[in-house]
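Coordinate analysis (summary)
The residues making up each chain are set out below.
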Amino acid sequence: MAIEVKRLFDFPYYQLESYSLEKAFISKTSGSWQSITTQEYIDQANQISRGLIRLGIKPNDKIAIISSTNRTEWNICDIGILQTGAQNVPIYPTISKEDYEYVLNHSESIYCFVSDKEVLKKINKIKKKTKLIKVFTFDDIKGEESWNEVLELGKDDSNQNAVEERKNDVKEDDLATLIYTSGTTGRPKGVMLSHKNIVSNVLSSEKCVPFDYGKSKGLSFLPVCHIFERMILYLYQYCGVSIYFAESIEKLSENAQEIKPHVMTAVPRLYEKIYDKIVLKGETLTGIKKGLFFWALNLGLRYEPNGANGWWYEKKLSLARKLIFSKWQAALGGELKIMVSGSAALQPRLARVFAAAGMPIMEGYGLSETSPVIAVNDERNNGFRIGTVGKVIDDVEVKIAENGEIIVKGPNVMLGYFKDPEKTASVIKGGYFYTGDKGEFDKDGFLKITGRTKEMFKTSGGKYVVPPLLEGELKQSLFIEQVMVIGEGEKMPAAFIQPNFEFIREWIHHKKLDIGDSNQDIISSDRVIKRIQKEVDKCNKNFGKWEQIKRFELTPDVWSIEGGHLTPTMKMKRKIIREIYQDLFDKIYRV
C-alpha cells in the first residue's frame, strides 16, 4: 500500500518507496561533494531517534538546531527529532546571543545541535542561563560533544520498536515545530506549526512547480531555519529532487556551475545582486559586444509572458537567448529551469529579464504563520503574471477585508503563537488569519500585494503615504540598493537611501570621475547625489504630489543583518533603521 504523507517524517519513507534516490542530500566537505542515499537518510534519522530516546527525550520536548549553513545533518536531525514526538526549534544563526537566550528559554529547549565554532561560542556565553542539558556540534570541535555521539548511542537498534510506537502516536494535528519569526519590531514570536500545516502546504504547492520527478536537482542556500526553505526541502523530498547544499551565498555561482541545478529558491535581494553583477559585466564590454548586451537587456526588460509581445518580439528574443542570455544561464550551471522567489516583493524588471533569459522567477507570497505559501505564480497554463504573486494555491481561501487587508483560511494556518493566546486572538478571528498585508485580486484571480497595513502612514497634512510602493519603485534603480521612506507625522515624505556602492564604484571608474573609493567619499560626492536625485525625480513622476520624496539622505554603511538594519530574511527593521540614522532624520526635518 502506497505511503500516505500525513506527518513530516513520512516524507523520507515516501521518497524511499517512490524514488529511492542514490543522491538524496549532497553537501560539500573538504572540497568534494558527499552524498547520502534515501535509505541512509532514513537509517541515520532512526539512529538519532533511538539516541534521543536513550537520552531521555519525551514527546513534546523541544530540541533546538542552529546552523550557519544548510547541510545534510540538519535534515537527518529534523526527522530524528520529529519521530520521537518532540519538536524541532530552528534558530537563525545570525541573531544576537541575547535573542538566543530568549528563544531557548521561551521554547524551553533542553538539547541543542549547532553547526560550528562561531555558533557554539555564542551559545556557551548564555548556556548557563537556559535549560540546556547538552549541546552537540555538527563540525568536529575538540573538547565538545559531537552529534556523532547521538548517532553512536542509536546504533544499537534494540529500541527501534520504541521509535515506531512514538511515530504511531504522532497525529497530523500535533505540533511539529516552533518557528521564531525574525520580526521587524520587538521580541521574536514563536509560530506553532503542526505536521498538517506544513504537509498540506507541500502537497498544494507541489501542483504549482514543474519537476522531472526522481531526476531533478535543487540547489539550497536560503536559511533552512526559515519556513520558506524548509517547506521547499520537504517538497523536494516529496518530488524525488536531489538536494545540493551551496557552501555559501558567495560561492553560489561556483557551486551552480559544478552541480548544474534545475531549480533553486532565493529572496529578491539575491536576484537583485545577480542582476547587478550581470549589468556591471556588460558595462565593461566594448564595441559590438556591449551593443548586443544592452540590446538583449532592453529587450528582456520589455518581456511579457505567453508570447503577449507578438511573433516579431519572440523572434528577436530567440536571437538574444542564443547570443547573450545563454551566457547568463551558463553562470548558474546552464540547466536552471525555474527559480522561486519569496519573503519580499520582487521587482517586476527582475521577473521580466530572467524570464526572457529562460530562467523564470516564480514569485510567491506567504508568511511563517501560513506554513508559508498562500499564492504562487506557475509558468504553465497562463498562471504567470508579472507584478503579481500568482494565484491562490489549492485548499487555501483568501479574502480581502474592507480595509484592503489580506485574510487567509486553510489547513496551512498556524495553531497560534506559543504561550501567547492574546496575540493569537488578535490575528486569528473567525477562523481567518489577518496577514497585515494589503492586496487586491485582478480580474483573472491573480493576487497583487499593495502594501502593509502598519507601514502606511499619514503626513502632518493628513495625507496617506504607502512606503513599500515608493521603495519598490526606487529600488529598480541600479544606483540604489536599499531605501526606507520616512515622514510619519512630518510635513513631507523623505527617504534614507543606501547607495549601491559596488555599482557606483564601477560607474565612477567607467566615467573616469575624480571621486574617492570609500563609502564616505561616495555619499559626500555632489556628482553622486545629483545622479541619485535623477533617480528620485524619475520615481516621483509615478506618484501624487503629497507622496513624492521631497528630500533624501545617503547612508554611509551597507545595511545588513549583522548591523541590525535587516531581519535574517532581509526585511527592513524600520524602527531600528530610524534610530540608527537619527542624525540624518534631524538633518531632513529639524534643521
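Presented here is a report on the structure given in the accompanying data block. What you see is a predicted model; the values in this text were computed from it and never measured.

So, on to a nonpolar patch on the surface. A cluster of nonpolar side chains, namely I288, L292, L319 and L323, defines an oily patch on the protein surface of about 350 Å² accessible area. Of all elements in the fold, only α12 (287–300) and α13 (311–331) reach the threshold of two or more residues within the nonpolar patch. Within the secondary structure, L323 sits in helix α13.

Let us now look at the packing of aromatic side chains. All chains considered together, the criterion is met by 23 aromatic pairs. Taking 6.0 Å as the distance between ring centres and 10° as the angle between the ring planes, the aromatic pair formed by F25 and F245 counts as stacked. Separated by 220 residues along the polypeptide, F25 in strand β1 (residues 25–29) and F245 in strand β10 (residues 242–245) bring together distant segments of the chain. The burial state of F25 is the same as that of F245; both residues are buried. Relative to F136, the ring of F113 has its centre 5.5 Å away and its plane inclined at 35°; by these criteria the two rings are tilted.

Right, let's get into the sheet that holds strand β24 (residues 480–486). Here 3 strands make up an open sheet; going across it, the order is β24-β25-β26 and the pairing mixed. The open sheet has two edge strands with one neighbour each: β24 and β26 (551–554). Between one strand and the next, the sheet's axes are offset by a mean angle of 25°, whatever the strand orientation. Where strand β25 (residues 494–499) lies against β26, 4 bridges are found, and the strand directions are parallel. For A495, the partnering residue across the bridge sits in β26 and is F552. Strands in contact with helix α19 (residues 526–540) are β24, β25 and β26; relative to β26, the strand with the most contacts, it is inclined by about 135°.

Counting residues in hydrophobic clusters, the biggest one holds 151 residues, and the most contacted among them are F113, W328 and I532. The element contributing the most residues to this core is helix α9 (residues 227–238), with 9 residues. Ranked by size, the runner-up nonpolar core spans 24 residues in total, among them I91, L104, L132 and C225.

Time to look at the environment of L513. Looking at the element boundaries, L513 is found in the loop between α17 (501–511) and α18 (519–524). Between the C-alpha atoms of L513 and F441, which are 72 residues apart in sequence, the distance is 47 Å.

Let's shift gears to the sheet that holds β10. Reading across from one edge, β2-β1-β10-β9-β11-β12-β13-β14-β15 is the order of the 9 strands in this open sheet, with mixed pairing throughout. Where the open sheet ends on each side, the last strands, each with one partner, are β2 (32–36) and β15 (391–392). Note that strand β13 (residues 361–366) and strand β14 (residues 373–376) share 3 bridges and pair antiparallel. Within β14, the position partnered with Y365 by the bridge is A375. Along the sheet, helix α10 (residues 252–259) contacts β1, β2, β9 (217–220) and β10; its crossing angle with β9, the most-contacted strand, is approximately 165°.

One way to put it is that helix α11 (residues 268–284) packs onto α17 with a least axis distance of 10 Å and a crossing angle of 5°. With respect to α17, the axis of α11 lies roughly parallel. On α17, the residues that touch K277, V279, L280, E283 and T284 of α11 are E502, F503, E506 and H510. Within the contact of α11 with α17, the residues separate by chemical class into 3 nonpolar, 2 polar and 4 charged.

The rules behind each value
- Residues numbered from 1 in each chain as written.
- Predicted model: local features only at pLDDT ≥ 70, side-chain atom pairs only at ≥ 80, totals over all residues.
- Heavy atoms only, no water.
- Patch = residues over 30% accessible without salt bridge, like charges linked within 9 Å, V, L, I, M, F, W, Y side chains within 5 Å.
- Areas by Shrake-Rupley, 256 points an atom, 1.4 Å probe, with all protein chains shown as cover.
- Salt bridge = Lys/Arg side-chain N within 4 Å of Asp/Glu carboxyl O.
- Helix = DSSP H or I, 4+ residues; strand = E, 2+ residues; numbered from the N terminus.
- Phe/Tyr/Trp six-rings, centres within 6.5 Å; stacked < 30°, edge-to-face > 60°.
- Buried < 20%, exposed > 50% of the residue type's maximum accessible area, 1.4 Å probe, protein only.
- Pairing = 2+ DSSP bridges.
- Axes fitted to C-alpha atoms, helices over the stretch in contact; angles between N-to-C directions.
- Contact = heavy atoms within 4.5 Å.
- Core = buried A, V, L, I, M, F, W, Y, C linked by side-chain atoms within 4.5 Å.
- Parallel < 35°, antiparallel > 145°, perpendicular 65-115°, else oblique.
- Nonpolar A, V, L, I, M, F, W, Y, C, P; charged D, E, K, R; others polar.

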